Each structure stands twice: as structure tokens, then as C-alpha cells.
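The residues making up each chain are set out below.
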Amino acid sequence: MSVAEIRYIDKPHPMTGVTNSKLGIWCFLASEVMLFGGLFSAYILLRIGAGSAWPEGSHHLNVPLATLNTLILITSSITMVMSWASLTIKNFASFKKYMSLTIFLGIAFLVVKAFEYGAKFEHHIYPSENTFYAIYFTMTGLHVLHIIGGLIVNLYLLFPGSGMWNKNPDQFMGRIEAAGLYWHFVDLVWIFLFPTLYLL
Amino acid sequence: MGDKSHTLPFWKKYIFSTDHKMIGIQYTVTALCFMMVGLLMMLIMRWQLAYPAQPLPGIGGLFGDGNAPGGIVLPEFYNQLGAMHGTIMIFLGVVPLSVGGFGNYIMPLQIGAPDMAFPKLNMASYWVYFVGGVIMLTSFWVSGGAAQSGWTSYPPLANLASFGQTMWLFGMVFLITSSLLGSINFIVTIIHLRVEGLSFFRLPFFVWSQFVTSFLLLLAFPPLEVASILQLMDRLLQTSFFMPSGLVVTGEALTVSGGGNPLLYQHLFWFLAHPEVYVLILPAFGIITEIIANNIRKPIYGYKTMVYSLVFLGFMSFLVWAHHMYLVGMGTKMSMFFQVTTMIISIPSIILLTSLLLSLWGGSIRFNTPMLFSLAFLPMFAIGGLTGLPLGLAGSDIHLHDTYYVIAHFHYIVAPGTIFALFAGIYFWFPKVTGRTMNELLGKIHFFFSFIFMNGVFMPMFIQGLAGVSRRLWDPTQYAHAVPTQPLNEFIFISACGLGLAQIPFIINFFMSIFAGKKVDHNPWKATTLEWVAASPPPHGNFDTVPVVYRGPYEYSVPELNQDFWPQNQEGKN
């Protein structure tokens, strides 16, 4: 037995039933809940505080485009799971296909967002316009940054990082699972953002 | 065996190391340097308070005409020193030392692990902290100077401040990121990498304290990140998250959309900043408990109760934040809620203190330097904690809010409290890190004068606060009610100088002992916990054979043994 090895990298811990990276990503997601929770709380406080003076911005947002984005993200979560599932049945080609799809859908989300933001900027509507647009741009902007982060990780796992599949398949699968959990979380945040900002 | 450290190039072994011990040393050295900077800032402020508008002797020319023309500290510079003293001491000094330094070095050893669960993440955490610190320090040199709206950075004032405030906000984003990555590492390491036999209730209290602290850092920091992001949006993109409608600044109405709420910032800020103060104290409690147990040669009284109190304290710390906001006008119902939770949270703190105090009874006490600092912690923390009560009660807080009473209260907890615990930890674990002990005589001199001057600096501030002297005043003599207590400022300044000088024996001792201290074996204190099983200093991978644990952490003076301590990893009684 090697004395300098960190355990539970690719095998689950008997008490928790998960690997280090899976426990770690859940901890990270807990902090992300607090992050977006803080922003949602800010929205609630600002809107209630403004009372009737709240600038009703949701009417001016593009609900059909945002609905499309919602469908894009939900589909990307499905393809993300499929990419992980492909590894469980040791089908690496299928993994590459589904991971590529997930990345493509993520980029599609960003393109739609670029249209949305672009339309606002063309009309000279910036975050400084009023508190509704301030919170709208901040929350969706932070969400966009999280999508970009997830895309960078997924691109890494699809290209340079995929070499680990040959050296340590269990650890690689764990990485895809962790990336998948993160991606689902980012999707979940959007599922809360969409009704809050666009529909209410 | 896996000991490949001797084949690593210099930059990978010392600069970008992934070994928790090297990272712990990096955090310790960096944090101690930052704390020295914070101390020097404090000395300049105390001079200004003791001798308002008098030129700084000797060093006055160092700060330039923009900050101190003719050596006289300008109010703007004073405000920068005030805001940055707090920021540097908390975020660049105490927390990186107690969590990044001690936590990183000692915790994996105490659980028998070869390293942290995520060594590369650990390295990233340190360097992100370092970059954040550089951003914070360089902000002094930008036009308009460093952040100067208090460490609390309340809007609207902070929204309108110069570029240094933007740098503060970016620095905070880096520091928060470092903290979050570190806390994930600590939690996973403690849950997953304990050796066989080391159940949760056999953990040294130090590990428990780092565990709860990590949860506080993980869950409480994001709202401050939100507050920083929103303030950056307000400053850089002219949003009005925190700017109310109709704000007029120097006679001109602001051209922002308005509709914001400054209290939103305060709620987000204090949601972190209250758990942050428990982050400041819990590792200290952990260090103190280890040292007291070792130097009374008997088990800690009420270890299990202490653990339950610790966890309860961590939970409650999320529910008290608005006791920092009693005077904002949020109404008596809200104040009542937070007053109740604040009173409740004092209970676990008292239990922790009482357990340690009761542990001393009947102990065979060794009065070495770490123990002296640990013993002094107890009454100092008691003073700090008890003086929190009139602040936590909304009625009495009306008189004391934002006065020097508050400054005295929290400094008693952090300065002769936490910092004494950190000194104790350095003296205690120095032999493990270096294989040599520090000099006892220099240590006792350091302790004696630090103890006297700490009280000399902070005790008079209670009197000033009760007299109504406000915080963050550049020149108290401008206010009639502050004039009677002005002589105390001279006394405080002289004590502060004494406190600064008292650190010199420590600095000399520290460096001298690294090279010429008395060499000792792996367990000079005859301690029971696992870090003392490893060699001094431990090699890469920590343990030659992975230890197995058979008992709790404080089995001292067990009958029928031929020595007064029973190491956790020793199988039989022999």
C-alpha cells in the first residue's frame, strides 16, 4: 500500500457513498445557492421596497426568446446526462457526441442572449436605466458568466482532458459527473430566473 | 514510497507547491507580513488621535504631500488607514493565518492524511489570496488613495468614493474566491480523509473548529460577493442598487436612476460579516484547546458538550447579523428578533469558555509560553464576550453603537483573544514545522509585555465609548464630549508603541530559532494527537506508515500507563 496516496479520488467513501470530487462539487453548489440566493433576495427586497414605484420591466423583455433559451438549456442538461451515461456503458464515441451537443447548446444559449442584450443596447437600455434592468442584467449576466465557465470546463473535458479516460476511467467519469452536476445547477438557476424576471 | 519532492525543481517545491505543509507556511509568512503592515497603520492612526494635527515624528515625509503634508496626517489618509487596517487585519491577516496557515498545515496531520483532498486547488487558493492582497495594498498608490469608507464600505458613501474603492471590491472578489476554494477543500478532507479509527468524536477539537469554520466560510461569503458585485455595478455601470431616489451630493442631484436601498447592502454585508467574526474566533478556540489539554495533562472537561456547542454556534451565527443594524430604523420587531438570537448565541460561547476554565481544575499545569498565551486568552475573550452583551441588547446599543466601546469589544476578542491564540499556536507547533523549539525566555518576555500593552491599548477605549466618543474620528478634540477622555488617547498611543516593540523579541526568536533553536524529537510536548506522530518536519506524504486511531484525542493521565499521555495511535497500554 502506498503511504502517500490520497484516497477516494475514484472510489466512493464508505460513509458518504461519494468520491472526493462529488462531495466537493456539492459543497461548491451549496455556496452557489447562497450566491444566487443573495441576488434573488436583493430582487425581492428592491421590488417590495419600491412598492408601486417598481419599474415594470418584465413586459419589455422578450419572453419567446427566453422560452427558447429555457428549452435549449433543459435539452443541454439531458445531453449532459447522456454524455455521462455513455461513459458508464464505456461508449467513448457516444460520450464525445453528447458532450459536443451540450457545448453546442450552451453556445446557442449565449447567442440568443447576445441577441437579447443587443436589442436592449440598441435602444440604449443599459443596467443604469432603472432598478429592474439593473437586477435583470446583473442576474442574467452572472448566469452567463457561469455558463461560460461551464463551457470552458466541458471543452477541457472533451478535448485535452479526455486523455484521462484511457489512464483512469473511473476518475474521468467522476469528473464528467461533477461537471454534469454543475451544469444541472446552472440550468436550475435559469429555471428560477426565467419566471422571476420574465413572467412576474 | 512516493517521496518525489526531492526531484521537484525549486519553483515547484517552494513557489507553486501542492504540499499542504508548504502552502501552510506560505499562508503563515504572507499573513504575518500583512499583519505587520496593519499594525504599522494602526500606530500612525493612534499618533494622530493622541496628538491631533501634529507632524509624525521622523517618518512623516514617507507618505507624501497627498497623504500627510508636513508629516500631518490628512483626514482622507486617516480614513484610508482606518478602512485598510480593518480589511488587512481580518481578510489578509487573521483568517489566512488561522485557517490558511494553521488549518492547512496541522489539520491533515491531525487526521492522519497524506495531504488535502485537492492539493492543486489548495495551491490555487493561496495564489488567489496573494493576488487579492497585492490588489488591496497597491490601492494606496492610485489617485485618490485606498478605500476610505470603513472596512464596511457602506453605500452611498462607498459608491461615490475614489478608484481605490473599486480596487477594494476587486480585491475582495479574489479573497472571497480563495476562501471558497479553501473551505471546500477543508470540508471534503475532514469528512473523507480521516484515518481508520478516527471517528468524528475522536477528532481533536482543532479539527472540529476548522470544520465548522469552513462551513461558515462556504455559506456566508457568497452574499458579500453579491454585495461587492452590486456595488461594482453601481460604481462602474451607474446602476442604483444602493442609491435611493433624490440623492443630492455637494449640492447637485445625482444623475442615476435611483430606486435603490442602502440597507440592502448592509443586510448582504452583515450576513457574511457576522459569521466572519466567528471565523475569526473558532480556529483560535481550537488552537487554545489543543494547547490547554496538552499542558494540564488531563482530558478536556466536556469535550462532547464543546463540540455540540461549536456546531450550534455555527448554525446560530447565520441568524444574528442585524444586531449590527439596530440603529438603521428597521423597527422594533426586527430588532427584537435579532436581539433574541444574539442572546441565545452567547450561550455556546460561554459553554466553550467554561469548559476550558473548568478543565484547569485539578490539572498538572505546565506554564510554558504557548500555555501562557492560552491562559491569557481565557479572561481576555471573557472581557470581549461580556462587553458584547450591552451591544447585543438593542436598548443599550443605542448609546454604544458606533462608539469606541464597540472597537474595544471586538478588539478584545480578536487582539488579546485570537492573536494570542495564534501566537500560542506558533510557539506550540514551531517544533513540528522546524524540528527545533523557540526560546522560552524570549517567549515569556514577548508574552508579558504583549499582555500588558494589549490591555493598555484597549481597556481605556471602553471608557471613551461610554463617554460617547464615536468611531472613525480623525480629530476627537473637535467634539466637546470627547475632550475629557482625550488624555486616554496619549496613554493608548504609548501602549500601542509598547505593543509594537513587544513583538521584537518574537521576531528575533522566530528567525533565530529556525537556524539555532534547540533540536527536538517528533513529540517534545508529549502530546497525544496524530501530528506529533509524524517526523519534525514531516516528509512529503506525512507519515512513514499510515496511523490507526484507537481512542479519543485527550487521553492524558490515564491510570496503569507508564507515562502520563496515551497517543491516539498507540495500540496497547505497554
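Structure first, text after, so check above.
Residues numbered from 1 in each chain as written. Chains lettered and ligands numbered in written order. Predicted model: local features only at pLDDT ≥ 70, side-chain atom pairs only at ≥ 80, totals over all residues. Heavy atoms only, no water.

Participant: Describe the overall build of chain B, with residues and values.
Facilitator: A count of helices and strands for chain B gives 18 helices and 2 strands. Taking 574 residues into account, the globule formula puts the C-alpha radius of gyration at 25 Å, and chain B, at 24 Å, falls close to it. Each principal axis of the C-alpha distribution contributes one length, and for chain B these read about 80 × 50 × 45 Å. Residues counted as buried form 62% of the 574 residues belonging to chain B. (Helix = DSSP H or I, 4+ residues; strand = E, 2+ residues; numbered from the N terminus. Rg over C-alpha atoms; globule rule 2.2 N^0.38 Å. Buried < 20%, exposed > 50% of the residue type's maximum accessible area, 1.4 Å probe, protein only.)

Participant: Before we move on, could you go through the overall build of chain A and cite the residues and values that matter?
Facilitator: Regarding its fold elements, chain A presents 6 helices and 0 strands. Each helix and strand of chain A, ordered N terminal to C terminal, gives the series α-α-α-α-α-α. Each principal axis of the C-alpha atoms in chain A carries an extent, and together these give about 70 × 35 × 20 Å. Within the span of chain A, comprising 200 residues, buried residues form 50% of the whole. For chain A, the computed accessible surface area is about 9300 Å², with 71% contributed by carbon and sulfur atoms. Here chain A carries 11 positive and 10 negative side-chain charges, and the mean point of each set is 10 Å from the other. (Areas by Shrake-Rupley, 256 points an atom, 1.4 Å probe, with all protein chains shown as cover. Lys, Arg positive; Asp, Glu negative; His and termini not counted. Charge placed at Lys NZ, Arg CZ, Asp CG, Glu CD.)

Participant: Tell me what's going on with the environment of P12 of chain A, and back it up with residues and numbers.
Facilitator: Residues and elements named next belong to chain A. Within the secondary structure, P12 sits in the segment before α1 (20-50). Distance in space between the C-alpha atoms of P12 and L23 is 9.8 Å, their sequence separation being 11 residues. The residues contacting P12, other than those within four sequence positions of it, are G17, V18 and T19. (Contact = heavy atoms within 4.5 Å.)

Participant: For the packing of helix α9 (residues 262-296) of chain B against helix α11 (residues 332-360) of chain B, give the residues involved together with the corresponding values.
Facilitator: Residue and element names in this part refer to chain B. In contact at an axis separation of 10 Å, α9 and α11 are set at 10° when each is read in the N-to-C sense. Considering the angle they form, α9 stands roughly parallel to α11. Facing α9, whose interface residues are H267, Y278, F285, I288, T289, I292 and I296, α11 presents M334, I345, S349, L352, L353, L356, S359 and L360. (Axes fitted to C-alpha atoms, helices over the stretch in contact; angles between N-to-C directions. Parallel < 35°, antiparallel > 145°, perpendicular 65-115°, else oblique.)

Participant: Residue-level account of the pattern of salt bridges, with values.
Facilitator: Residue and element names in this part refer to chain B. In total, this model carries 8 salt bridges over all chains according to the counting rule given. Residue R297 pairs with D564 through a salt bridge whose shortest N-O separation is 2.7 Å. Highlighted residues: R297 in the loop between α9 and α10 (303-316) and D564 in the segment after α18 (504-516), separated in sequence by 267 residues. On the basis of relative accessibility, which here comes to 32%, the residue D564 falls in the partly exposed class. Residue K444 is joined to E440 by a salt bridge in which the shortest nitrogen-to-oxygen separation is 2.8 Å. (Salt bridge = Lys/Arg side-chain N within 4 Å of Asp/Glu carboxyl O.)

Participant: How would you explain a nonpolar patch on the surface if you had to name every residue and give the values?
Facilitator: Residues and elements named next belong to chain A. A cluster of nonpolar side chains, contributed by I74, I78, M82, L188, I191 and F192, occupies part of the molecular surface with about 520 Å² of accessible area. Secondary structure elements with two or more residues in the nonpolar patch: α2 (63-88) and α6 (169-199). Relative to the assigned elements, M82 resides in helix α2. (Patch = residues over 30% accessible without salt bridge, like charges linked within 9 Å, V, L, I, M, F, W, Y side chains within 5 Å.)

Participant: I'd like to hear about the interface of chain B and chain A, residue by residue, with values.
Facilitator: Across the boundary between the two partners, chain B contributes 45 residues, which contact 37 residues of chain A. For the chain B and chain A pair, buried surface summed over both sides reaches about 3100 Å², with 77% attributable to carbon and sulfur atoms. For chain B, the biggest contributors to the area lost against chain A are H192, F241 and L264 of chain B; these three give 18% of the whole. For the interface between chain B and chain A, the tally reads 0 salt bridges. (Buried area = accessible area lost by both parts, 1.4 Å probe.)

Participant: Describe the packing of aromatic side chains, with residues and values.
Facilitator: Residues and elements named next belong to chain B. Per the stated rule, a full pass over the model turns up 82 aromatic pairs over all chains. Look at W151 and F269: their rings are 5.2 Å apart centre to centre, the planes differ by 65°, and that puts the pair in the edge-to-face class. With W151 in the loop between α5 (119-138) and α6 (157-160) and F269 in helix α9, this residue pair connects regions lying 118 residues apart in the sequence. As far as burial versus exposure is concerned, W151 and F269 are alike and both buried. (Phe/Tyr/Trp six-rings, centres within 6.5 Å; stacked < 30°, edge-to-face > 60°.)

Participant: Residue-level account of the side chain of T342 of chain B, with values.
Facilitator: Considering the arrangement of structural elements, one finds T342 of chain B in helix α11. Residue classification places T342 of chain B among the buried positions, given a relative accessible area of 9%.

Participant: Describe helix α4 (residues 75-110) of chain B, naming the residues involved and giving the relevant values.
Facilitator: Residues and elements named next belong to chain B. A bend of about 50° at P96 is the largest found in α4. Judged by how many residues are buried, α4 sits mostly within the fold: 32 of 36 residues are covered. A positive phi of about 80° marks G112, the residue just after α4. (Bend = angle between axes of the 7 residues up to and from the residue.)

Participant: Which residues make up helix α12 (residues 369-386) of chain B, and what values go with them?
Facilitator: The terminal C-alpha atoms of α12 of chain B, which comprises 18 residues, lie 26 Å apart, in line with the 26 Å expected from a rise of 1.5 Å per residue. Burial of α12 of chain B is extensive: 13 of the 18 residues sit out of reach of the surface. (Expected span 1.5 Å × (residues − 1).)

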